[in-house]
Amino acid sequence: MPPSPKSVILTGASGMIGGMILQVSLNSEAVAKVTSLVRKPSGTTHPKLKEVVVKDFMTYDDVKADLIGQDVAFFCIGVYTGAVPRDEFRKITVDYPVNFAKALHAMSPQATFCLLSGAGADRNEKSRLMFAKDKGAAENQLAAIGFKAFHTFRPGYIYPDTPRQEPNLSYRIMRKLYPLIKLMGPGQSIKASELANVMFRIGMEGGPKEVYENREMVLIRD
């Protein structure tokens, strides 16, 4: 007998990876329901989809009922280094996922939690790089909450499958250099669609590891 379809909850559907995971979830027969936490309605409609407006990603008191009975969570909210002040970067990178995870665990302790992290995340929390230190702190706190399973995904350069307005000069340069970056090996880059598919697969089916580095995700893709 095939397993029962699962309930998926996600954040960050307006972003590149979150949006792709949303579409994969909606198209999958293994998913019965998708709850997407958003700041404002997107206008997207689908029989499986329920959008829930969250005014503040630090508190979930108003949406507790929507956190009940969830099987898999994908946290894909993030911010580029330098885009916001240091305190705000820490809040988005650490406090947002941790507060969401704690609220979700209280309602759905049986869930699997998947975090979109980044290459170089430092679980020792001693890195001088803000990105690495905060990503590591988020991973540590999430791993300690006690979900049935916790998986964190650390991509290197994420290549957009379709052209987009790149967020800064660095990403514009990286996109142009992607053919060279790809030649540097599987540890350096991954296509956005490949990353989304790997995260979805591990979230839905499980996996032997807590941490998935870029190289490992490329191998899973293959």
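Attention in this report is confined to the structure presented alongside it. As the structure is a prediction and not an experimental result, all values here were calculated from the model. (Residues numbered from 1 in each chain as written. Predicted model: local features only at pLDDT ≥ 70, side-chain atom pairs only at ≥ 80, totals over all residues. Heavy atoms only, no water.)

1. Focus: unusual backbone geometry
For clarity, the cut-off: For the purposes of this entry, the term helix denotes a DSSP run of H or I that reaches at least four residues, the term strand denotes a run of E that reaches at least two, and both are numbered from the N terminus.
The phi dihedral of E125 is positive, around 60°, even though this residue is not glycine. By secondary structure assignment, the location of E125 is in the loop between β5 (112–116) and α3 (130–143).

2. Some remarks on the side chain of T35
What counts, and what does not: N or O atoms closer than or at 3.5 Å make up a polar contact, with two conditions inside protein: a donor-capable atom paired with an acceptor-capable one, and, for residues adjacent in sequence, both atoms drawn from side chains. In this description, contact between two residues means that some pair of their heavy atoms is separated by no more than 4.5 Å.
In this structure, T35 sits in strand β2 (residues 31–38). Here Q70 takes part through its side chain, which lies 3.3 Å from a polar atom of the side chain of T35. Those residues in contact with T35 that lie beyond four places of it in its chain are V8, I9, L10, K50, V52, D66 and Q70.

3. Considering the packing of helix α1 (residues 16–27) against helix α6 (residues 192–205)
Packed helices, taken two at a time, are described by their axes: the angle between them and the distance between them. Where we set the bar: Axis definition: a line fitted to C-alpha atoms, limited for helices to the stretch in contact. Angles are taken between N-to-C directions and run from 0 to 180 degrees. Each angle receives one of four descriptions, namely roughly parallel if under 35 degrees, roughly antiparallel if over 145, roughly perpendicular if within 65 to 115, and oblique otherwise. In this scheme the handedness of a crossing depends on how the near helix is turned from the far one: anticlockwise by less than a right angle means left-handed, clockwise means right-handed. In this count, Pro and Cys sit with the nonpolar residues alongside Ala, Val, Leu, Ile, Met, Phe, Trp and Tyr, while Asp, Glu, Lys and Arg are called charged and the others, Gly among them, polar.
With their axes 9 Å apart at the nearest point, α1 and α6 run at an angle of 55° to one another. The orientation of α1 relative to α6 falls into the category oblique. α6 is crossed by α1, and the crossing has right-handed handedness. Residues M16, I17, M20, I21, V24 and S25 of α1 pack against A192, S193, L195, A196, N197, M199 and F200 of α6. For the contact of α1 with α6, the per-class residue count stands at ten nonpolar, three polar and no charged.

4. Regarding α3
One turn of the α-helix equals 3.6 residues, which is why residues spaced by three or four share an orientation. Definition in use: By this rule the span expected of a helix is its residue count minus one, scaled by 1.5 Å. Burial status follows relative accessibility: with a 1.4 Å probe on protein chains alone, a residue under 20% of its type maximum counts as buried, one over 50% as exposed, and anything between as partly exposed.
Between the first and last C-alpha of α3 there are 20 Å, a value that for 14 residues agrees with the 20 Å anticipated at 1.5 Å per step. Along α3, the positions that sit buried rather than exposed are A132, D134, K135, G136, A137, A138, E139 and L142. Close packing links the buried residues of α3 with α2 (86–107), β5 and β6 (149–154).

5. Digging into the packing of aromatic side chains
Cut-off, in case you're wondering: Side-chain rings of Phe, Tyr and Trp (the six-membered ring for Trp) are treated as a pair once their centres are within 6.5 Å; stacked means planes under 30 degrees apart, edge-to-face means over 60, and tilted covers the remaining angles.
Per the stated rule, a full pass over the model turns up eight aromatic pairs. Taking 6.4 Å as the distance between ring centres and 25° as the angle between the ring planes, the aromatic pair formed by F74 and F200 counts as stacked. One end of the pair, F74, is in strand β4 (residues 72–75); the other, F200, is in helix α6, with 126 residues separating them in the sequence. For the residue pair F74 and F200, the accessibility class agrees, reading buried in each case. Taken together, a centroid distance of 5.9 Å and an interplanar angle of 35° make the contact between F75 and F100 tilted. Of this pair, F75 sits in strand β4 while F100 sits in helix α2, and the two are 25 residues apart along the sequence. We classify F75 as buried; its relative accessible area is 1%. Of the residues examined, F100 reaches a relative accessible area of 0% and is grouped as buried. By way of ring pairs, the aromatic residues Y60, F75, F100, F113, F147 and F150 are connected into one cluster.

6. Re the sheet that holds β4
This is how it is decided: Strands pair, by our definition, only if DSSP identifies at least two bridges between them.
Read across the sheet, seven strands follow the order β3-β2-β1-β4-β5-β6-β9 without closing on themselves; strand pairing throughout is parallel. The outermost strands of the open sheet, each flanked by one partner alone, are β3 (49–53) and β9 (211–213). Strand after strand, the sheet turns through a mean of 15° between neighbouring axes, direction not considered. Of the strand pairs in this sheet, β6 and β9 are connected by three bridges, and their pairing is parallel. By the bridge assignment for β9, F153 is matched with Y212. The strands that α6 touches are β1 (6–11), β2, β4, β5, β6 and β9; relative to β5, the one it contacts most, it runs at about 160°.

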